[in-house]
Amino acid sequence: MDNGEVAAFRQVSKSYGKVKAVNGLDLTLYPGQTVALLGPNGAGKSSSLDLLLGLREPDQGSVTLFGGTPRAAIEAGRVGAMLQSGGLMTDVKVGELVKLACDVHPRGHKPAEVMHEAGLEEIADRRVDKLSGGQEQRVRFALAVAGANDLIVLDEPTTGMDVSVRQHFWASMRRQADLGRTVLFATHYLEEADSIADRVLVLHRGRLIADGSSAEIKARAGARRVSFELHAADGFVDDTLLRALPGLAALDISGPADAVRTVRIRATDADAVVAGLYRAGCYPRGLEVTSLGLEQAFLTITEAAEATELAEESAR
Ligand SMILES: Nc1ncnc2c1ncn2[C@@H]1O[C@H](COP(=O)(O)OP(=O)(O)OP(=O)(O)O)[C@@H](O)[C@H]1O
């Protein structure tokens, strides 16, 4: 039964021996979303995608696609995937393989359209086992969009693609999302997540530790920096006043109190920090407000999760 949800993980866990690859994952994906799945090596990204596609069974919890089993959704031709693992058929030409994928798909597109979309026309007659890494990725991409899928799952899709192919690839994925399809991709390229995804998920040791827009995740991590100088000649500023500023996530002060001190602040709300400074009668010199990227936010969030995990482990 289709309940409007594209995919739902309900308290899903999966272990390999002692390793908890996925740990209590609760997640719902909706139509038309472009979702980036981030996480350090071994965080459980590929394992989560495998569970989503029914390639592995959860130890606990349930995974549904379009309100039914992953298998039913795949058999109905609603899901396309581009995974890292799994070899391509070898003794076949690129054009033949793409045609086969279109023919067997319950809602297959015309092979010529798919060849064009994936930029494969020039290598249609090349054997699949004679391709470069980037060309192979393009073939995998073609197989993922060979039919009218409602969900496209991509595991590190742009690895090995050069810049222009990568741009072409993401333009094509945007068109898919504009058609109302859901695109879920795991990546280590944070700039891709930042510019492509409207929802970003961060996994850490199998747990979902952040879920929101890129802007929300940056804000949560304290992803703007406010820096300025305090000159003793302008009047003494008490450090406790700085520490009490609204919107402050972290504070670093360097330099002697009786000369020039440099203050660097990581802010969850930079506007509140600056307003708070002036309200307190503090007149900074050389004020700068800069944004930190998603990369910095990602590192902040995952480092904080790591520190919490270590503290919990040593308390046990
Ligand atoms: N088949 C398996 N057998 C044993 N352990 C596994 C297996 N697959 C994954 N793992 C372990 O589960 C954890 C999660 O792995 P997974 O591949 O899902 O992470 P990932 O986030 O995709 O990592 P990467 O960014 O390196 O691709 C890791 O500790 C990994 O070693």
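These figures come from a predicted structure and were not determined experimentally. The residue numbers shown here count from 1 along each chain, following its written sequence. Reporting in this predicted model follows two pLDDT cut-offs: at least 70 for local features of residues, and 80 or more for side-chain atom pairs to be given and counted; totals over whole chains, interfaces and linings ignore these cut-offs and use all residues.

Here we take up the sheet that holds strand β12 (residues 260-267). Reading across from one edge, β11-β12-β10-β13 is the order of the four strands in this open sheet, with antiparallel pairing throughout. Only two strands of the sheet have a single neighbouring strand rather than two, namely β11 (248-254) and β13 (285-291). Averaged over neighbouring strand pairs, the angle between their axes works out to 15° when direction is ignored. As judged from the five bridges shared by strand β10 (residues 224-231) and β13, these two strands associate in the antiparallel manner. By the bridge assignment for β13, Glu229 is matched with Arg285. The contact criterion used is a C-beta to C-beta distance within 7 Å, with each C-beta placed from the backbone. Axes here refer to lines fitted to C-alpha atoms; in helices the fit is confined to the stretch in contact. Angles between the N-to-C directions go from 0 to 180 degrees. Going along the chain from the N terminus, every DSSP run of H or I of four or more residues is numbered as a helix, and every run of E of two or more is numbered as a strand. In this fold helix α10 (residues 270-279) packs onto β10, β11, β12 and β13, with an angle of close to 20° to the strand it touches most, β10. Strands qualify as paired when DSSP identifies two bridges or more between them.

Along the chain, Glu303 falls in helix α11 (residues 294-315). Between the alpha carbons of Glu303 and His204 there is a distance of 9.6 Å; along the sequence they are 99 residues apart.

When its domains are assigned, the chain resolves into domain 1 (7-211) and domain 2 (224-291). Where each domain starts and ends comes from a domain assignment, either automatic or drawn from a database. Spacing between the C-alpha centres of domain 1 and domain 2 amounts to 45 Å.

Surrounding the ligand, one finds Tyr16, Val19, Ala21, Gly39, Asn41, Gly42, Ala43, Gly44, Lys45, Ser46 and Ser47. Sorting the residues of the shell around the ligand by element identifies β2 (19-29) and α1 (45-52) as the ones contributing at least two each. In terms of residue count, the dominant contributor to the shell around the ligand is α1 (three residues). Under this grouping Gly is polar, as are all residues other than the nonpolar Ala, Val, Leu, Ile, Met, Phe, Trp, Tyr, Cys and Pro and the charged Asp, Glu, Lys and Arg. Here the shell around the ligand is composed, by residue class, of four nonpolar, six polar and one charged. We call a residue near a molecule or strand when its C-beta atom, built from the backbone, sits within 6 Å of it.

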